[in-house]
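In case you want the letters, here they are:
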Amino acid sequence: MAMADARPMALVTPAHARRPRALPVLGTLLLMLLLAMLLAAAIGAAGIPLARLPAALGITNATPGDALAARDQLILWSIRLPRIAIAAMIGGLLGAAGAIMQGLFRNPLADPALVGVSSGGAFAAAAAIVVSDSRFASHLVALQPVLLPLAAFIGSLATTIVLYRIASRSGRTSIAIFLLAGLAIAAIANAGIGLLVFVADDRQLRDITFWLLGSLSGATWTKAATLAPVMVIAVAAMAFIHRGLDVLILGESEAFHAGVDVERLKRICIVLVSGMTGAAVSVCGVVGFIGIVVPHLLRLVIGPGHRLLLPASVGLGAILMIGADTLARSIVAPAEMPIGILTAAVGAPIFLLILLRQRGLVGL
Amino acid sequence: MNTVLEAAQVSMAVGHATLLDRIDLRIHSGETLAIVGPNGAGKSTLLRLLSADLMPSAGTVRLKGRDLRAYAPAELALRRAMLSQHVTVSFPFTVYEVVGMGCGGKANAASRALVDAAIDEVGLNALRYRELPTLSGGEQQRAHLARVLVQLACGERAHGPGILLLDEPTSSLDLRHQIALVEIARRRARNGTAVVAVLHDLNLAVRFADRILVLHRGKVAAEGTPDETISSAIVRRTFEIDVAVERTTEGLPFILPQSMRQVSTPPAAHL
């Protein structure tokens, strides 16, 4: 005898319970991304009407000697397009890093910013600003464009390695200790940033503040080129980790019983998350909440399976980041609002919403 | 009989506490073995050692003649499936998705057929697209059982009869589903699977098992057929409670617990 249930399936299975298929989801996200890119290219302090966009992009020939077309091309190729490319990649990296970390922690509230990975990067970047600008190291000022991203990247990676060392024992990683140690390290990094703010002069203070709030104003093709390989590696790695992350949701023991090399999977995820976050922080400073909001919204529509969630997080992260950046550079034009303020304004209420829903589920 | 899993002089110590002390155990293909004993006797620890979830402090566990440590997790998963006591799923995976994890999330027709069959076998057809966190404890336990059955079936397709380890699989199930689970397990054993279950309910253990291992304070207190192990003397010694042992119409022993206050008195005459 099976544990049979006599009710016919058709009567009790609502059609909407089935998950959407991968191709339509990713196709829709791609279309939305292209649309977002098009709008972002057109909108800005110096607007390029959609009618003039093809000429500026070089798709159609501009009238020879048209000064306006030359201006459009200059703005588009030197300022706007690298900025759009960087926004897309940073949004994609942060969205997917959030999804991976939440899978790893089995908690929809886990986020690289939460466990101090972003703070570690920001602290290192702030330290680089203050040190390279001091009279003791004036020869380093010229190196600042290289030094800052490098420092942020190393800071993020170092934070993650320290965290991993603290949390792993006899080849096993305790997620609870990882999370708590992350909170402590974030507090230490933030105290360090506070100290740097205290000792910084006015100019340094402005640089640090802008870094901390996140900004894409210094976007260049060179910076985009530094992000591209990280993005490619991250997307390629998704093919190898999505099944393991799904089963890891059941717990480490269950994942092991199901055949997942849990320790290897955790190491890969930790290195991936720190690399992705470090790369993003190194280019645009701390932009919070993308990593929480993107996977959360996606799970509501496509479910929690990582095979689709991870690439979709790249897509939606890119769309949201391009949207946020376009808004940031146009609502107070010609000035720019730090993008971190916008993402926090949208992200923090969603974070609270998830927390309230979790409270119902786990009795917080 | 064909020994598939063998524990030799296996001990497990954490700090100064010895959880298991030199256990010898052979598990044969096609048999059902119940591990019983009072709280803290080391039942779940023994099962975790047999599943390679824990490594013993001393002694070895061999699967088909090869040390468990020599197997990669993926190799092990194709030869043994284990259902843990408590599994919590914090993300809204559906029953169908969770059961599908048993075959590594593969979406081919053969895997889908296994998933459908397992969902049907545990009686969750009507709830197959419901999100797991919204189900009752018993329904969730049945979904995880189906997942483990799919894993077992996938492994057996490639490597022949495997091992099914169940840690208190009936803790959240009502009576009907407890008996259904016993029948599912026995059906697997008839096909050659070795099924080992940690059980609290001695009467259920009798219905389930060809052989019962009674653990007490990390040591084997008794081992044998239900007739040999479910006696008032053994239950009194290990569980420190008096029981009356009766017989079902099929001749199986079943116990009726008596008062704990009688522990110090000599055992009463039993029917």
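Before reading on, note that the structure itself is shown above.
Novice: I'd love a proper account of the overall build of chain B, names of residues and values included.
Specialist: Along chain B, the regular secondary structure elements total nine helices and twelve strands. In terms of overall dimensions, chain B is globule-like: its C-alpha atoms have a radius of gyration of 19 Å, near the 18 Å expected for 271 residues. Projected onto its principal axes, the C-alpha coordinates of chain B cover approximately 60 × 40 × 35 Å. Buried residues in chain B amount to 48% of all 271 residues.

Novice: Outline the packing of helix α4 (residues 67–105) of chain A against helix α13 (residues 306–330) of chain A, supporting the account with residue identities and numerical values.
Specialist: All names here are of chain A. At their nearest, the axes of α4 and α13 sit 6 Å apart, and the two run at 140 degrees to each other. By the criterion of interaxial angle, the relationship of α4 to α13 is oblique. Crossing angle aside, the handedness with which α4 passes α13 is right-handed. In the contact of α4 with α13, the residues fall into 16 nonpolar, eight polar and two charged.

Novice: Which residues make up unusual backbone geometry, and what values go with them?
Specialist: Residue and element names in this part refer to chain A. A positive phi is found at phenylalanine 289, a non-glycine position, where the angle reads about 75 degrees. Residue position: phenylalanine 289 is located in the loop between α11 (262–284) and α12 (290–302). On the basis of neighbour count, phenylalanine 289 is assigned to the buried category, with 25 C-beta atoms found within 10 Å.

Novice: How would you summarise the sheet that holds strand β8 (residues 194–198) of chain B if you had to cite specific residues and measurements?
Specialist: All names here are of chain B. The mixed open sheet is built from six strands, whose spatial order is β6-β7-β8-β3-β9-β10. A single partner strand is all that each edge strand has here, and the edge strands are β6 (80–83) and β10 (219–224). Averaged over all neighbouring strand pairs, the angle between strand axes comes to 15 degrees, with direction disregarded. Across five bridges, the pairing between strand β7 (residues 163–167) and β8 is parallel. Its bridge partner being in β8, leucine 164 is matched across the sheet by valine 195. Strand contacts of helix α5 (residues 137–159): β6 and β7, with the helix running at about 175 degrees to β6, the strand carrying the most contacts. On the sheet, helix α9 (residues 232–239) packs against β9 (211–216) and β10 and is oriented at approximately 160 degrees with respect to β10.

Novice: Let's hear about the interface of chain B and chain A: which residues, and what values?
Specialist: Contacts between the two partners involve 35 residues from chain B and, on the opposite side, 32 residues from chain A. If you list the elements that add at least two residues to the side of chain B that touches chain A, you get α2 (73–77), α4 (109–121), α5 and α6 (175–190) of chain B. Considering every element that reaches the side of chain B that touches chain A, the biggest residue donor is α2(B), with four residues. The class makeup of the residues in the side of chain B that touches chain A is 18 nonpolar, ten polar and seven charged.

Novice: Any details on the nonpolar core? Residues and values, ideally.
Specialist: Residue and element names in this part refer to chain A. By size, the foremost hydrophobic cluster in this structure holds 191 residues, and its most contacted members are Ile90, Leu93 and Ile100. For this core, the element with the most residues is α4, which contributes 17 residues. Apart from residues no more than four positions distant in its own chain, leucine 93 is found in contact with Val230, Met231, Ala234, Met276, Ala279 and Ala280.

Novice: Explain the pairing of strand β4 (residues 58–63) of chain B residue by residue, including any values.
Specialist: All names here are of chain B. In the sheet, strand β1 (residues 3–14) pairs with β4 via five bridges, with the strands oriented antiparallel. Bridging from a neighbouring strand, alanine 7 pairs with valine 61 of β4. In this structure, β4 lies alongside strand β5 (residues 66–67), joined through two bridges in antiparallel fashion. Looking at the pairing, leucine 63 lines up with arginine 66 of β5.

Novice: Quick rundown of the sheet that holds β1(B)? Include the residues and the values.
Specialist: Taken in spatial order, the four strands make up an open sheet running β2-β1-β4-β5 (chain B), and their pairing is antiparallel. Looking at the sheet topology across the chains shown, the edges are occupied by β2 (17–28) and β5 of chain B.

Novice: Lay out the packing of helix α5 (residues 117–133) of chain A against helix α8 (residues 202–213) of chain A in plain terms, naming residues and giving numbers.
Specialist: All names here are of chain A. Relative to each other, α5 and α8 sit at 160 degrees, their axes nearing to 10 Å. The orientation of α5 relative to α8 falls into the category roughly antiparallel. With respect to the hand of their crossing, α5 and α8 are arranged in right-handed fashion. Along its contact with α5, which presents Ala122, Ala125, Ala126, Ile129, Val130 and Asp133, the element α8 presents Gln204, Asp207, Ile208, Trp211 and Leu212.

Novice: A description of the environment of B:Phe91 should follow, citing residues and the corresponding values.
Specialist: Here B:Phe91 is to be found in the loop between β6 and α3 (95–100). Counting along the chain gives 94 residues from B:Phe91 to B:Ala185, while the straight-line C-alpha distance between them is 29 Å. Leave out the neighbours within four places in its chain, and B:Phe91 touches A:Ile249 and A:Pro304.

Novice: Now, about the pairing of strand β11 (residues 243–247) of chain B: what can you tell me, with residues and values included?
Specialist: All names here are of chain B. Here β11 runs beside strand β12 (residues 253–257); their pairing, made up of five bridges, is antiparallel. Paired with arginine 247 across the two strands is proline 253, which belongs to β12. The turn joining β11 and β12, which pair antiparallel and follow one another in sequence, is formed by five residues; a positive phi near 90 degrees is taken by glycine 251.

Conventions we followed
- Residues numbered from 1 in each chain as written.
- Chains lettered and ligands numbered in written order.
- Predicted model: local features only at pLDDT ≥ 70, side-chain atom pairs only at ≥ 80, totals over all residues.
- Helix = DSSP H or I, 4+ residues; strand = E, 2+ residues; numbered from the N terminus.
- Rg over C-alpha atoms; globule rule 2.2 N^0.38 Å.
- Buried ≥ 20, exposed ≤ 12 C-beta atoms within 10 Å, placed from the backbone.
- Axes fitted to C-alpha atoms, helices over the stretch in contact; angles between N-to-C directions.
- Parallel < 35°, antiparallel > 145°, perpendicular 65-115°, else oblique.
- Left-handed = near helix turned anticlockwise from the far one by under 90°.
- Nonpolar A, V, L, I, M, F, W, Y, C, P; charged D, E, K, R; others polar.
- Pairing = 2+ DSSP bridges.
- Contact = placed C-beta atoms within 7 Å.
- Core = buried A, V, L, I, M, F, W, Y, C linked by C-beta atoms within 7 Å.

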